[in-house]
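One-letter residues, chain by chain:
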Amino acid sequence: MKQLTRGAWGEPGSSLACHTGSWRDLRPGHEHAAAPCHAACPAGEDPQYWLAAVQEGDHRRAWERLVAANPLPAITGRVCPHPCEQRCNRGHYDTAIGIHGIERFLGDAALAAGWDYPGIVGPPAGAPRVAVVGAGPAGISVAYHLLRHGLVPVVFEAAPEAGGLLRSAIPMTRLPRAVLDAELERVLACGIGLHTRQALGRDFSLDELRAEHAALFLAPGCARSRPWDVQGVIPAGTRDGLDLLKSWIDVGEVPAARRVVVHGGGNTAMDIARVMKRHGAEEVHLVTASGLPGPQTAPDDVLNIVPRELEEGLEEGIVIHPHATLSRVLLRGARIVGVELVALRKLERADGRRARVAFEGTERILQADLVIPCIGEQVDPAGLGALVQRSGFLRVDARGGVAGACDLYAGGDACGNIGTVAAAVGDGRRAANAIAARLAGAEPSERPRTEIGIERLNLNYFEPRPARRAAVLPVAERDDLCEIEGSLDAAAVADEAGRCFACGNCLACDNCWVLCPDAAVLKIADTASDGSRYVFDYDYCKGCGLCASECPSGFIAMRPEPE
Amino acid sequence: MDESPRQLIARQREAEPRYRGLESGHRACQGCGEALAARLVTEVAGGDVVVANATGCLEVFTTPWPQSAWRMPWMHSLFENAAAIASDIEAALRHQQRPTKVLAFGGDGGTFDIGFQALSGMLEREHDVLYVCYDNEAYMNTGIQRSSSTPHAAMTTTSPPGRERMGKRHLKKDLLSIIGAHHIPYAASASVAYPRDLQRKVRRALEISGPTFLLVHSPCPLGWGHGGERTIEVGRLAVQTGLFPLVEIERGAVTAVMPLRVPRPVSEYLALQGRFRHLFADEPRAREELEHLQALADHNIAVYGLLGGAPDALDADGADTVRRGGAVA
Amino acid sequence: MPQALEGSAAVARAVALCRPGVIAAYPITPQTHIVENISRLVADGELDTELVSVESEFSAASVVLGAAAAGSRAYTASSSQGILLMMEVLYNIAGLRVPLVMTCANRAVGAPISIWNDQQDSMAARDAGWVQLYCVDNQQAVDTTVQAFRIAEQTELPVMVCIDGFTLTHTMEMLALPTQAQVDRYLPPFRFARALDPASPRSLGMLVTPEWFSELRHAHHAALGRAAEVVERADRDWHKLTRRSAGGLIESFGDPDAPYAVLTIGSVGGTFAAALAECPPASPTRLLRLRCYRPFPLAALHEACRGVRELIVVERALSPGQGGIIGTEVRAAFAGMRGAPRVHNVALGLGGRDVPMETLGRLVAAARARRLPPFSIFDLQPERLPAEER
């Protein structure tokens, strides 16, 4: 029986007997939502997660977190258009985090230090073998992730070396070959069996592969350019951009021309345009049906060029004609003397689908002596037969499975995706997960996380800070070999990583702990199961929601109290 | 034997890397600014103190017998005598030659109004006491009646808007200047929205031998009519508009202010609170009072020189900046 | 060694002998001389104490409350309006069960404003839950002051020592002060078990819900009841030490078998004791001097009144619209008792009106003649009143 004290004095802290948690109808919880950079990354990287390690100065741990999704950071840090940066919440505040520069820094650091890829153990004896067709980014990625799952990848590549498009179509000014070779070699050295000069349909067939492997992953890439003509006309001697780029990379030569029109709005178009300009063309025009990035252009209508490449191309004098197409080629005899452009837009039609519509009366003439088509590529059907769809691509489901064939998976450019290295890496990772799950008789477990928007952040707790960007070679000093964009140093990388809002993750800033009126947020010495250093004491939390509204990074969410 | 989840969290509570003067289990409303302020103050004051607490919400929600939320020696006597009680605790400790610090806690009613005389006496007699006024701008414990701290035009149950009136007719008493006029070594205003600034001021005050005073703006979700999750947002805007300037006064002279990088319009602050809802009616009187409050904020900005120059880590935008692993400032 | 001292100075010296840690006071006539004397002792270094000159009686009471709660022996003094301004704190001190001592230099309460003596002020604090001791003379005032600290500290109740203003406070008397050694032997150093102490951080003054309030009130009430024995023992022990009693609970003078008795409180008891010797009433009369008013000493009163047929209760305050305060309580004390005395009740000496020695004889005569109504102001001059006020 409780007994009175003289004058009704109380023991210190005896209020702990009063469990005010019963007042609560909303319960705070740590919710590791997907940062926009993560949601946007086709490769499935979670940049805010590894940026945290960079900020702590632990580059190796950052790299290990990074390569859990993408084994090629030195490469993607250079060539990826980085949709993560375009979606970065910090872009709405001052300037997006320069994720690519940090990714590249980590990739280069790993090359220099020779850090081992984490999570790779030799496959057990008798582990299932999986055949991979194509050693481009998708093929390398699937092989790497299969290894992580304890499976045995066997890669068949038609070319003499691994790399695919990275080697054949990306200029050295964007991706030095030393970096490409070093990173590919390190990934392959993890235990990937590679058979080069082995072409599907020539040296082996799908059926042969299927007989010897538990599953197949097809990543043949798009080796064949899309058919191109202007109103039925194909000027004599026309060579497409991919073809020109390959021979420039192989032998360093391009056709001589004064005025060049490149038709297309992708990276190959921009790459060849810049090569032509550097090799003496007075004018290089890039004609694209897409629009320039900006508020006027719908996201699905923006030209597919890495933003910094676009910027550099403009610096170098490439003239871009957006929202236009070629309506006529002006010939004098067989010789091109110009092209006729017409304005067009992507518009919604009566049936609801969007299509490009040219506007009569907007025609104009550009003088030109060379037209380079760059409107895209498609799959070489050799050995694939009916798998190639009418669109020119393979059709796969969300996990890379080819319809109607349970052991057949595909990825990369051959599936007609957005055509980036990161997307190919992502295709490989997802397919490896699916293959491993199927072989283990399980469902692939990739829990989708909700993306966190800027409205969930509390920007009061951040200060504008200038972005750190690597130096870029001046236009006059650019040549065919030197990498145009430079590297960041460790200090700059730390500074830039420090600008990360850590969207959806814990900054360990103490706000929840400092601002809880009920002392119901406890700071603990160990790491909690959710990775943070705080736990909620639900015996006392009244559910006011102050912690959630004052969490800078949206890591705390209020959810209805369970019944 | 394995530790139960409740044992684990109790152990984590005990192992926390800070002193908890105000323990969990108190019965303050959800999102209570005063509870937060008292927690922040006692946290830096530490355990070697004695607290004299005036009657009011803080006293009631922390000490329904037999449960006390306080971990330091604490005493409540009456509404108007916290300063006097603190005076004599201090005198007694001085006589006993004990170095223990004395704090007095009161709300705005117990400080601006009924306890003002005792407070003035305490300051004049130079007792070594830190008096903390948790200013929530009305008599909240009795059900939201206006006090001399209630801001102009605010609605309370004794200053309701109606056909003839637009909330409180009079102005918020400039208590800090009056306190400063006692020529005490240190007086300052602070806000729960800027906890580090608040705690720095508590530390500063406790280092000083002699009477010190802290006025802590403590939003009251119930009395001000805002969600408990907005306590900090409301408090921050009070500072950033200039309506509640954060200043430090030594021997009667203003020696430091928290500058405003870009003053926010008062309407942003007022619109968050039910007590100012009538000011957003579509009528001339409402517009006039909005302008009046803006003018009062502008006046504070001018009088205290709140307009900062270049962005500053300690201005009203920079002072709450955090980064991975803690606060910046 | 007897010496001639003014009452206030004597009380100040007695307080100093008790080694208080904190003293707070605010000036009000007729208490001022006590504070002034204490201030002088402090100024001369004869008393090591924190003397807090507060800005009101309200704060004075608050100050001693806080000081005692913080573990220091604390003392204050006031009068009249000052007592009333303190009233909220007086209840608070008692309810918190904090031991401290206050001198009430009794004075009338305005309006009309009067600086002169009666006991309306301390009577107004009757229900605050304090021990109240009334002094007949300045020797008792000195002795009671020392005893009060011991009573307070043993019972954890506040003690109010009531001394008639001017009549005692401003009057020179020959009296004996105890020695420091005597006081130190009698009064151990102050130790308050519930003191505010970081080493054992209690919360004092908590909110008590209806579920517990009655028990708390009872505990306080019972503590006051038990305090009667402590008051008696304190006086007995003091007598052993100094050969002086300060009056126990009730003092009885005169013929122990007399059928007439006059019950007084405060200095009137001194006047009437002299009267008993110099101009005794026509009928055999005993004089009962009530020293301990709270707790009300029911058993001691019954004992003192054994054999009394007519009991005249004389007091220095009243409850307007009802009558005498002590008289009513005495009537209640005898209600339903077989052979209980007839109780007469008068107030007199209000607002400083002189109480001459002859009053005793006139009172007894009036009672004998059955001329006393249940209550009256005995020394009233009704002819001064307009007809409608009589």
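Position numbers for residues count from 1 along each chain, tracking the sequence in the order it is written. As they are written, the chains are lettered A onward and the ligands numbered 1 onward, keeping that order. Side-chain atom pairs in this predicted model are given and counted only at pLDDT of 80 or more, local residue features only at pLDDT of at least 70, and totals for whole chains, interfaces and linings cover all residues. Values shown for side chains rest on all heavy atoms present in the structure; no hydrogens or waters enter the calculation.

Quick notes on the overall build of chain A
Part 1 of the argument: Helix and strand counts for chain A stand at 17 helices and 19 strands.
Part 2 of the argument: The C-alpha extent of chain A, read off along each of the three principal axes, is 115 × 60 × 55 Å.
Part 3 of the argument: The buried share among the 563 residues of chain A stands at 56%.
Part 4 of the argument: Contacts spanning at least 24 positions in sequence make up 71% of the contacts within chain A whose residues lie at least 6 apart.
Part 5 of the argument: A 1.4 Å probe and the Shrake-Rupley method give the accessible areas. Residues count as covered only by the protein chains that appear here. A total accessible area of about 23400 Å² is found for chain A, and carbon and sulfur atoms account for 51% of it.
Part 6 of the argument: Between the averaged position of the 58 positive side-chain charges in chain A and that of its 71 negative side-chain charges there is a distance of 2 Å. Only DSSP runs of H or I covering at least 4 residues are called helices, and only runs of E covering at least 2 are called strands; the numbering of each starts at the N terminus. Three labels apply to residues, based on accessible area from a 1.4 Å probe with only protein chains included: buried if under 20% of the type maximum, exposed if over 50%, partly exposed otherwise in between. In this analysis, two residues are considered to be in contact whenever any of their non-hydrogen atoms come within 4.5 Å of each other. We score Asp and Glu as negative and Lys and Arg as positive, and we do not count His or the chain ends. A single reference atom marks each charge: NZ on Lys, CZ on Arg, CG on Asp, CD on Glu.

Section: the overall build of chain B
Part 1 of the argument: Along its length, chain B carries 12 helices and 10 strands.
Part 2 of the argument: Expressed as lengths along the three principal axes of its C-alpha atoms, the size of chain B is roughly 65 × 55 × 45 Å.
Part 3 of the argument: The buried share of chain B, taken over its 329 residues, is 63%.
Part 4 of the argument: Considering only contacts within chain B whose residues lie at least 6 apart along the sequence, 69% involve residues at least 24 apart.
Part 5 of the argument: Approximately 11600 Å² of chain B is accessible, and the part contributed by carbon and sulfur atoms is 54%.

Some words on a nonpolar patch on the surface
Part 1 of the argument: There is a patch of nonpolar side chains on the surface, built from A:Leu347, A:Val357 and A:Phe359 and spanning about 200 Å² of accessible area.
Part 2 of the argument: Tracing the chain through its elements places A:Leu347 in strand E11 (residues 335-348). Patch definition: residues with relative accessible area over 30% and no salt bridge; like charges joined within 9 Å; nonpolar side chains (Val, Leu, Ile, Met, Phe, Trp, Tyr) joined within 5 Å. Between Lys or Arg on one side and Asp or Glu on the other, a salt bridge is scored when a side-chain nitrogen of the former is within 4 Å of a carboxyl oxygen of the latter.

Observations regarding the interface of chain B and chain A
Part 1 of the argument: Every contact between the two is made by 52 residues of chain B and, on the other side, 60 residues of chain A.
Part 2 of the argument: Regarding the contact of chain B and chain A, the summed buried area is about 4400 Å², with carbon and sulfur atoms giving 53% of it.
Part 3 of the argument: Taken as a group, B:Gln30, B:Trp65 and B:Arg324 account for 18% of the area that chain B buries against chain A, more than any other trio of residues on that side.
Part 4 of the argument: At the junction of chain B and chain A, the tally comes to four salt bridges.
Part 5 of the argument: Between A:Glu550 and B:Arg236 there is a salt bridge, with the nearest N and O atoms lying 2.8 Å from each other.
Part 6 of the argument: Of all elements in the fold, only helix H1 (5-14), helix H2 (33-45), helix H8 (195-207), helix H10 (231-241), strand E9 (322-323) and strand E10 (326-327) of chain B reach the threshold of two or more residues within the side of chain B that touches chain A.
Part 7 of the argument: In the scheme used here, Gly and all other residues not listed as nonpolar or charged are polar, with Ala, Val, Leu, Ile, Met, Phe, Trp, Tyr, Cys and Pro taken as nonpolar and Asp, Glu, Lys and Arg as charged. In terms of residue class, the side of chain B that touches chain A is made up of 18 nonpolar, 14 polar and 20 charged. We define buried area as the total accessible area lost by two parts upon association, computed with a 1.4 Å probe and summed across both.

Quick word on the interface of chain C and chain B
Part 1 of the argument: Each partner contributes residues to the interface: chain C has 39 residues there, and chain B has 40 residues.
Part 2 of the argument: Between chain C and chain B, a total of about 3000 Å² is buried, with carbon and sulfur atoms accounting for 61% of that surface.
Part 3 of the argument: Counting across the interface, chain C meets chain B through three salt bridges.
Part 4 of the argument: Two residues, B:Arg125 and C:Glu55, come together in a salt bridge whose shortest N-O distance is 2.9 Å.
Part 5 of the argument: Pairs of N or O atoms are called polar contacts if they sit within 3.5 Å, as long as, within protein, a hydrogen donor faces a hydrogen acceptor (for residues adjacent in sequence, only side-chain-to-side-chain pairs). At the surface where chain C touches chain B, the tally comes to 21 residue pairs in polar contact (both at pLDDT 80 or more).
Part 6 of the argument: Sorting the residues of the side of chain C that touches chain B by element identifies strand E3 (50-53), helix H3 (57-69), helix H4 (80-95) and strand E9 (203-204) of chain C as the ones contributing at least two each.
Part 7 of the argument: Counting residues per element, the side of chain C that touches chain B draws most heavily on H3(C), at nine residues.
Part 8 of the argument: At least two bridges found by DSSP between two strands are what make those strands a pair. Strand direction decides the pairing type here: strand E2 (residues 74-76) of chain B and E9(C), joined by two bridges, are parallel. Among the inter-strand pairings, B:Trp74 is bridged to a residue of E9(C), identified as C:Ser203.

Brief notes about the side chain of A:Arg478
All names here are of chain A.
Part 1 of the argument: Looking at the element boundaries, Arg 478 is found in the loop between helix H14 (421-439) and helix H15 (490-497).
Part 2 of the argument: In this structure the side chain of Arg 478 is engaged in a polar contact, spanning 2.5 Å, whose partner is the side chain of Glu 315.
Part 3 of the argument: Setting aside chain neighbours within four positions, we find Arg 478 in contact with Arg 274, Arg 278, Glu 312, Glu 315, Glu 316, Val 472, Leu 473 and Ile 484.

With respect to the packing of helix H11 (residues 241-251) of chain A against helix H12 (residues 267-278) of chain A
Residues and elements named next belong to chain A.
Part 1 of the argument: Axis definition: a line fitted to C-alpha atoms, limited for helices to the stretch in contact. Angles are taken between N-to-C directions and run from 0 to 180 degrees. Following both chains from N to C, one finds H11 and H12 inclined at 55°, their axes separated by 9 Å at the closest point. In terms of orientation, H11 and H12 fall into the oblique class. Seen along the crossing, H11 lies across H12 with a hand that is left-handed. In contact with Gly 241, Leu 242, Leu 244, Leu 245 and Trp 248 of H11, H12 contributes Thr 268, Asp 271, Ile 272, Val 275 and Arg 278. If an angle is under 35 degrees, it is roughly parallel; if it is over 145, roughly antiparallel; if it lies from 65 to 115, roughly perpendicular; otherwise it is oblique. Helix crossings fall into two classes, left-handed where the near helix is turned counterclockwise from the far one by less than a right angle and right-handed where it is turned clockwise.

Some remarks on the nonpolar core
Part 1 of the argument: Core analysis: the largest hydrophobic core is formed by 267 residues, its most contacted members being B:Phe213, C:Leu90 and C:Leu311.
Part 2 of the argument: Those residues in contact with B:Phe213 that lie beyond four places of it in its chain are B:Thr111, B:Leu119, B:Leu130, B:Tyr131, B:Cys133, B:Leu175, B:Leu176, B:Ile179, B:Ile184, B:Tyr186, B:Ala187 and B:Ala188. What makes a nonpolar core is a set of buried Ala, Val, Leu, Ile, Met, Phe, Trp, Tyr and Cys residues whose side-chain atoms join them at distances within 4.5 Å.

Describing the environment of C:Ser8
Residues and elements named next belong to chain C.
Part 1 of the argument: Mapped onto the elements, Ser 8 comes out in helix H1 (residues 7-17).
Part 2 of the argument: Of the residues examined, Ser 8 reaches a relative accessible area of 0% and is grouped as buried.
Part 3 of the argument: Residues Ser 8 and Thr 76, 68 residues apart in the sequence, show an inter-C-alpha distance of 13 Å.
Part 4 of the argument: What Ser 8 contacts, discounting residues up to four positions off in sequence, is His 33, Ile 34, Asn 37 and Thr 169.
Part 5 of the argument: In this structure the side chain of Ser 8 is engaged in a polar contact, spanning 2.8 Å, whose partner is the backbone oxygen of Thr 169.

Describing the sheet that holds strand E6 (residues 131-134) of chain C
Residues and elements named next belong to chain C.
Part 1 of the argument: Across the sheet, which stays open at both edges, the seven strands sit in the order E3-E2-E4-E5-E7-E6-E13 with mixed pairing between neighbours. Only two strands of the sheet have a single partner each, and these edge strands are E3 and strand E13 (292-294). With direction set aside, neighbouring strand axes in the sheet form an average angle of 20°.
Part 2 of the argument: Sheet analysis places E6 next to strand E7 (residues 159-164), joined by four bridges and oriented parallel. Paired with Tyr 134 across the two strands is Cys 162, which belongs to E7.

What to know about the domain arrangement of chain A
Residues and elements named next belong to chain A.
Part 1 of the argument: Each domain's extent was defined by an automatic or database domain assignment. When the domains of chain A are assigned, the result is domain 1 (15-32 + 505-560), domain 2 (37-223 + 391-453) and domain 3 (227-377).
Part 2 of the argument: Summarising the inter-unit geometry, the C-alpha centres of domain 2 and domain 3 are found 30 Å apart.
Part 3 of the argument: Across the contact, 22 residues belong to domain 2 and 14 residues belong to domain 3.
Part 4 of the argument: Both sides of the domain 2 and domain 3 interface together cover about 1400 Å² of buried area, and 56% of this is carbon and sulfur.
Part 5 of the argument: Across the contact surface, domain 2 and domain 3 share two salt bridges.
Part 6 of the argument: Applying the counting criterion to the domain 2 and domain 3 interface returns four residue pairs in polar contact (both at pLDDT 80 or more).
Part 7 of the argument: At the level of elements, helix H4 (73-79) and helix H8 (165-168) are the ones that each hand at least two residues to the side of domain 2 that touches domain 3.
Part 8 of the argument: Here the residues of the side of domain 2 that touches domain 3 are counted per class, giving 12 nonpolar, six polar and four charged.

Quick notes on the environment of B:Arg200
Part 1 of the argument: Position of B:Arg200 relative to the elements: it lies in helix H8.
Part 2 of the argument: Looking at B:Arg200, its side chain comes within polar contact range of the side chain of B:Asp197, at 3.2 Å.

Things to note about the confidence of the model for chain A
Detailed conclusions should not be drawn from predicted coordinates in areas where pLDDT is low.
Part 1 of the argument: Values of pLDDT, ranging from 0 to 100, describe the predictor's confidence in every residue of the model. When pLDDT is averaged along chain A, the result is 92; 100% of the residues meet or exceed 70.
Part 2 of the argument: By mean pLDDT, strand E6 (residues 224-225) of chain A is the weakest element of chain A at 85, and helix H17 (residues 546-549) of chain A is the strongest at 98.

Examining the pairing of E3(C)
Part 1 of the argument: A one-sided burial pattern is seen for E3(C), the buried positions being C:Glu50 and C:Val52 and the unburied ones C:Leu51 and C:Ser53.
Part 2 of the argument: Each parallel crossover has a hand, and the one from strand E2 (residues 22-25) of chain C via helix H2 (residues 32-43) of chain C to E3(C) is right-handed. Orienting the strands away from the viewer, one traces the path from the first strand over the helix to the second; a clockwise path indicates a right-handed crossover.

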